[in-house]
Amino acid sequence: MTRYLVGRLLGLVTVLFVTSLLVFGALHLAPGDPVSFLLHGRPATPETVAALRDQYHLDEPLPVQYAKWLGGVLQGDFGRSAQYHQDVAGLLGSRLPGTALLVGYAALLVTVLGVGAGLLAALRPGAADRTVLLGTGVATATPSFVTAIALVSLFSVQLGWFPGPGGTPEGFGDRLYHLTLPAFALALTFAGLLARVTRSAMLDELGRDHVEVARARGVASRAVVRRHVLRNALAPVVTVGGTLLASLLISTSIVETAFDVPGIGSLLVQSVTAKDFAVVQAVTLLSVTAFVLVNLVVDLVAPLIDPRLSLHGEGTS
């Protein structure tokens, strides 16, 4: 266990290190002088140019520039936003709660809808199964921005049940109310994928020999599902579900922009458009870090759910 954990942590550090190299190098891969890229082609005084060169250490060798930038990042200093004229860390801190609430809300919907629909399809063959397969097929094939447009058109414009994009919520309950449509728009594709994985895992376990033996001995169907099927099917569901939930953070950009949610995703879109490189670097590193951390947690939890799995991802003999 200790050796496995150390190995995974070393892998995590390696991934983050390579990501930091790519993120840092992107500034220097842009054609022309990095200062011109940072200025977005706008005219600037010699003092402004000198300030940018000093801020990004552009007059020093690349290894020194990277070391100073990485040292600042490790201390929570991501630089200064050229668009908002404030520290990137403070900017992210003000936007992160909104994105965290949206992702948490969407994660709950993905879990409830995805696992629930998958169980229904596996345990109710026939019309219910076909309906779930059709619904999840549509959900997984529909892009988030199309889902967002459809939800706003139906539930905001026509029915008036939920507020449209924008608005200033007051209090936690009102905030959740405003985030309902964005959370559904973000969650539906992932819920469809998780439902199909759950259905497949359940059907696989339902066909096992020990399940057939239990049924032949007269064990009640609910007891068979609870004792012999559900727990064994949870491991692949948790593994895939964890990856999907980690992907929610990366997928918030379109939904937050469509619903005018002031979060990390919409900040990334605005920063890319404005070529605010310090913010793009910070958001990219934050997203990758969250993704690999969630995957690490999932890899550690899966063997606890299903003891047949070893920590090396293989079944025990």
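That block above? That's the structure.
The rules behind the values
- Residues numbered from 1 in each chain as written.
- Predicted model: local features only at pLDDT ≥ 70, side-chain atom pairs only at ≥ 80, totals over all residues.
- Heavy atoms only, no water.
- Phe/Tyr/Trp six-rings, centres within 6.5 Å; stacked < 30°, edge-to-face > 60°.
- Helix = DSSP H or I, 4+ residues; strand = E, 2+ residues; numbered from the N terminus.
- Buried < 20%, exposed > 50% of the residue type's maximum accessible area, 1.4 Å probe, protein only.
- Core = buried A, V, L, I, M, F, W, Y, C linked by side-chain atoms within 4.5 Å.
- Patch = residues over 30% accessible without salt bridge, like charges linked within 9 Å, V, L, I, M, F, W, Y side chains within 5 Å.
- Areas by Shrake-Rupley, 256 points an atom, 1.4 Å probe, with all protein chains shown as cover.
- Salt bridge = Lys/Arg side-chain N within 4 Å of Asp/Glu carboxyl O.
- Expected span 1.5 Å × (residues − 1).
- Arc of directions from axis to C-beta.
- Contact = heavy atoms within 4.5 Å.
- Axes fitted to C-alpha atoms, helices over the stretch in contact; angles between N-to-C directions.
- Parallel < 35°, antiparallel > 145°, perpendicular 65-115°, else oblique.
- Left-handed = near helix turned anticlockwise from the far one by under 90°.

Once that is clear, we can look at the packing of aromatic side chains. Scanning all chains against the criterion turns up 7 aromatic pairs. Ring plane angle 40° and centroid distance 6.1 Å describe the contact between Y66 and W69, whose orientation is recorded as tilted. Of this pair, Y66 and W69 are both found in helix α4 (residues 62-74), 3 residues apart, which corresponds to roughly one turn of the helix. Looking at Y66, the relative accessible area reads 11%, which means it is buried. W69 sits in the buried class, given a relative accessible area of 13%. Each ring, one from F162 and one from Y177, has its centre 5.5 Å from the other, and the planes form 35°; the classification is tilted. One end of the pair, F162, is in the loop between α7 (144-158) and α8 (171-206); the other, Y177, is in helix α8, and 15 residues separate them in sequence. By way of ring pairs, the aromatic residues F17, F24, Y66 and W69 are connected into one cluster.

The next point concerns unusual backbone geometry. Among all residues save glycine, negative phi is the norm, and among peptide bonds the norm is trans. With a phi close to 55°, D260 is a non-glycine residue in the positive phi region. Mapped onto the elements of the fold, D260 is located in the loop between α11 (252-258) and α12 (264-274).

Right, let's get into the nonpolar core. Soluble globular proteins tend to pack their nonpolar side chains together in the buried interior. Core analysis: the largest hydrophobic core is formed by 36 residues, its most contacted members being L248 and F259. Elements supplying a minimum of two residues to this core: α5 (88-123), α7, α8, α9 (209-216) and α10 (221-250). Among the elements that line this core, the one with the most residues is α8, at 11 residues. V88, I264, L267 and A278 belong to the second largest nonpolar core, which has 9 residues in total.

This brings us to a nonpolar patch on the surface. There is a patch of nonpolar side chains on the surface, built from F17, V18, L21 and L22 and spanning about 370 Å² of accessible area. Structurally, the position occupied by L21 is in helix α1 (residues 2-29). With a relative accessible area of 37%, L21 lands in the partly exposed category.

Another point: helix α6 (residues 127-141). With 15 residues, α6 ought to run about 21 Å at 1.5 Å a step, and its terminal C-alpha atoms sit 21 Å apart, in line with that. Listing the buried residues of α6 in full gives D129, V132, T136 and A139. When α6 is viewed along its axis, its buried side chains cluster within an angular range of 95° and face the same direction. Opposite its buried face, α6 presents the exposed residues A127, R130, T131, L134 and A141, each directed more than 90 degrees away. Looking at the buried positions of α6, the neighbouring elements they touch are α5 and α8.

What follows deals with the packing of α5 against α6. Where α5 meets α6, the closest approach of the two axes is 7 Å, and the angle between their N-to-C directions is 140°. On the basis of their axis angle, the class for α5 and α6 is oblique. Crossing hand, α5 versus α6: left-handed. Across the interface between the two elements, A117, L120 and A121 from α5 touch A128, D129 and V132 from α6.

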